Each structure stands twice: as structure tokens, then as C-alpha cells.
Amino acid sequence: MTRHFLRDDDLAPGELIEVLDLAAELKADRFSAKPLAGPQTVAVFFDKTSTRTRISFATGIADLGGSPLIIDSGASQLGHKESIADTAHVLERQVAAIVWRTYAQSGLEEMADNSSVPVVNALSDDFHPCQLLADLLTIREHRGNDSAGGLAGLTLSYFGDGANNMAHSYALAGANAGMHVRIAAPEGYHPDAGILADAEDLAARTGGSVSVTTDPASAASGADALVTDTWVSMGQDSAGRAGGESPFAPYQVNAARLAESADAIVLHCLPAYRGSEITADVLDGPNSVIWDEAENRLHAQKGLLAWLLAKR
Ligand code: CP
Ligand code: NVA
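Remember, it's a predicted structure, so these values are computed and weren't measured experimentally.

Engineer: Pulling in residues and values, what's your account of the sheet that holds strand β2 (residues 67-72)?
Structural biologist: If you walk across this open sheet you meet the four strands as β2-β1-β3-β4, and the pairing is parallel. Every other strand in the sheet has two partners, leaving β2 and β4 (119-121) as the edge strands with one partner each. Each neighbouring strand pair of the sheet contributes to a mean axis angle of 20 degrees, computed without reference to strand direction. Of the pairings in the sheet, the one linking strand β1 (residues 41-46) to β2 comprises six bridges and is parallel in character. Opposite F46, over in β2, you have D72 as the bridge partner.

Engineer: Break down the nonpolar core for me, citing the residues and quoting the values.
Structural biologist: Formed by 96 residues in total, the largest nonpolar core has its most connected members in A97, I98, L133, Y170, A171, A225 and L304. Each of domain 1 (13-128 + 297-311) and domain 2 (131-292) gives at least three residues to this core. Beyond its immediate stretch of four places on either side in the chain, A225 contacts I139, R143, L154, L156, A264, I265 and L267.

Engineer: If you had to explain unusual backbone geometry to someone new, which residues and values would you point to?
Structural biologist: Between G38 and P39 the backbone carries a cis peptide bond, its omega angle lying at -5 degrees. Inspection of the secondary structure puts P39 in the loop between α1 (13-28) and β1. The backbone of L123 sits at a positive phi, close to 120 degrees, despite the residue not being glycine. If you trace the backbone, L123 turns up in the loop between β4 and α5 (129-143). For L123, a count of 25 C-beta atoms within 10 Å translates into the label buried. Phi angles above zero are rare outside glycine, and L270 is one such case at about 70 degrees. In this structure, L270 sits in the loop between β9 (265-268) and α10 (280-283). Take L270: there are 16 C-beta atoms within 10 Å of it, and that puts it in the partly exposed class.

Engineer: Break down the packing of α5 against helix α6 (residues 165-176) for me, with residues and values.
Structural biologist: Running from N to C, α5 and α6 cross one another at 55 degrees; their axes reach a closest spacing of 9 Å. Between α5 and α6, the crossing angle belongs to the class labelled oblique. Of the two elements, α5 crosses α6, and the hand of that crossing is right-handed. Where α5 abuts α6, its residues P129, Q131, L132 and L136 lie against M166, S169, Y170 and A173.

Engineer: Got a sec to walk through the domain arrangement of the protein chain? Specific residues and values, please.
Structural biologist: Taken domain by domain, the protein chain consists of domain 1 (13-128 + 297-311) and domain 2 (131-292). Each of domain 1 and domain 2 was reduced to a C-alpha centroid, and the two centroids are 25 Å apart. For the side of domain 1 that touches domain 2, the secondary-structure elements that each account for two or more residues are α1 and α11 (290-310). Among the elements that line the side of domain 1 that touches domain 2, the one with the most residues is α1, at seven residues. Across the side of domain 1 that touches domain 2, the residue classes break down as twelve nonpolar, four polar and five charged.

Engineer: For the site of ligand 1, give the residues involved together with the corresponding values.
Structural biologist: Close to ligand 1 lie S50, T51, R52, T53, L123, Q131, C269 and L270, which account for all nearby residues. When residues of the shell around ligand 1 are assigned to domains, at least three map to each of domain 1 (13-128 + 297-311) and domain 2 (131-292).

Engineer: Tell me about helix α7 (residues 193-206), and please be specific about residues and values.
Structural biologist: For α7, spanning 14 residues, the distance from its first C-alpha to its last is 20 Å, which sits close to the expected 20 Å at 1.5 Å a residue. Those residues of α7 not exposed but buried are I195, L196, A199, L202 and A203. Relative to the axis of α7, the buried residues are bounded by an arc of 125 degrees and lie together on one face. Turned more than 90 degrees from where α7 packs its buried face, A193, G194, A197, D201, A204 and R205 sit exposed. Looking at the buried residues of α7, the elements they touch are α6 and β7 (209-213).

Rules used throughout
- Residues numbered from 1 in each chain as written.
- Chains lettered and ligands numbered in written order.
- Predicted model: local features only at pLDDT ≥ 70, side-chain atom pairs only at ≥ 80, totals over all residues.
- Pairing = 2+ DSSP bridges.
- Helix = DSSP H or I, 4+ residues; strand = E, 2+ residues; numbered from the N terminus.
- Axes fitted to C-alpha atoms, helices over the stretch in contact; angles between N-to-C directions.
- Core = buried A, V, L, I, M, F, W, Y, C linked by C-beta atoms within 7 Å.
- Buried ≥ 20, exposed ≤ 12 C-beta atoms within 10 Å, placed from the backbone.
- Domains from an automatic or database assignment.
- Contact = placed C-beta atoms within 7 Å.
- Parallel < 35°, antiparallel > 145°, perpendicular 65-115°, else oblique.
- Left-handed = near helix turned anticlockwise from the far one by under 90°.
- Nonpolar A, V, L, I, M, F, W, Y, C, P; charged D, E, K, R; others polar.
- Near = placed C-beta within 6 Å.
- Expected span 1.5 Å × (residues − 1).
- Arc of directions from axis to C-beta.

Rendered as C-alpha cells:
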């Protein structure tokens, strides 16, 4: 049966570890697997801008023996003249997989409902699950423990906009990995209640936990990984969000936050805004693993594509 990856819990906990293991194998021997040999094409649509996702999918698809077809917003009929369902039916006859960065999660669901080839969420308003595969791979490399999968029991603390795609993905993916996820965010910017409930249910099964707080110091206390994200996500109005008046200002990841943690590693999906959600000394300092994290987008997505293609 065709498997899709639209949100972080589309992989069962054991499957998440399989994908991370495959990613690590492909990182160790980059050109060893060619499941897209032919070459087969993978269509990669962007309705929002991108550097990392664009480069890592194009490079990863080529590494796997395939041919990436990058289609920017406005360059196809999708979203203008043709429905998502009709687009899916055209694509499924020709390409091996569909990768899509877009706004509404419902659009991805409609694409998947009409596609016999895997559909992958390359970021939506609600989730960024490919980024989380890279983040978990990075945390495992730097802080992995003896648990099955290497992540269970670690504490990951997120600071800032608790209602955005990254916060939702940290909650779901962290819970999936058996981690303790803390989200520190101001009132009015807490995660979607339904997504939070899904993450809590998942954590109850994996031995992890998910908590939300307005207190950044308690969230940082003893944490293994500190993470943050832009205060203004793509598609959002910056009014009232950016700058000194931002409600997120108390949630900045800085030297004080780091000092409260367990000498945590620091992650950021990038692009970063030094002086806003994170200070330059921390982002560019010795605890930062952001360049490993950015590189791991390549390896993680290759693991994901190879895994999804093997399930067909
Ligand atoms: N982290 C991330 O998804 O970066 P891009 O927006 O550059 O793809
Ligand atoms: N929350 C950010 C993530 C960017 C990779 C955004 O959606 O713009």
C-alpha cells in the first residue's frame, strides 16, 4: 500500500527509527542506494520559498539515481487552472513520488488521497516533518543514548511561536521518538489543541511526554536540546511579531537559557534571525549543531524516500 508522509506521526515509532537508521546508513555511504535508478523522476513543488529543502531534495533525489523536477509556484497549472486531484492523477502515471511545500495541510491530504505514489510534506502551515527527521538524526548523533532508537528519554525544549509548523512537528516527532518535549510560548501562541492531544496520546504509548508552559526558564532547566524558530513564519504578517515589542522576546534562546540547560546542544531549522529568536553567540557558538542539522536534511530525506519507495 502506498505510504505518504504528511505529518510526523505518519510513521509509527518503530518506522521512524527504521527511517533514521536508513538515513544514517546513507550518510555513511552516500551513493550506495539507487532506488530511483532509471532515472525515475520525483516532482518537487514549491508554493513558498526555500533554500535547504530545495537543495537537499534535488541533491538527494540525484544521489538515489533519480531526476528531480523542481516546480515553483505559478510555473504549473496547480493552484491556478487545475485541481489538486487532477494534478495527482497526471503525476502518478509518470513520477515516483511527489514532494510539496505549500500552505494548507488539507491540500497535501487531497494530493495523497488521489495519488498512488508517495506524497511528502516539504513544509505546510501546520507541520515540517522532513525537518524533524533531520533534527532527530542530529540529536541522535550528538546526544544519542542506549535506548532503542537512541532518543527515548532525552529532553527537547522549544522556545517561541508554539503554534507554528515547527512547534507542532517537535511535539509529534519528539513524542514519536519517546522524548520529553517542552514547548515554551506566550499565551495565545500555544499549539493547536488537536495536534497537542495527538502528541500526548503518542507520548503515552512511547514513554515520552509533551508539556506546554509560559515559563522559559523552567523549560530550559536540564534540557538536552534547545530549539527555536523564526517568530514570523512564511505566509504570516510580521505586525506585532518581530522586533523588541514581540510577544516572543522573553523566549529568545540566549546564553542565559543555555546556562539553565544540561549544556544542551542547540538546533535551529534555519533561516535564523540573529538577535530575535536566538542570539548570535549561541547560534554560532560551541553548543550549536546547526550545520550538521542542515546537512542532515539531505541524508534524512534520502532515508525517507528510500523507505517510502520500498513500501510500494
Ligand atoms: N529549514 C528549511 O526548511 O529551510 P528552507 O526554508 O530554506 O527550505
Ligand atoms: N516556521 C518557519 C519554518 C521555516 C523552515 C516557516 O514556516 O517559515
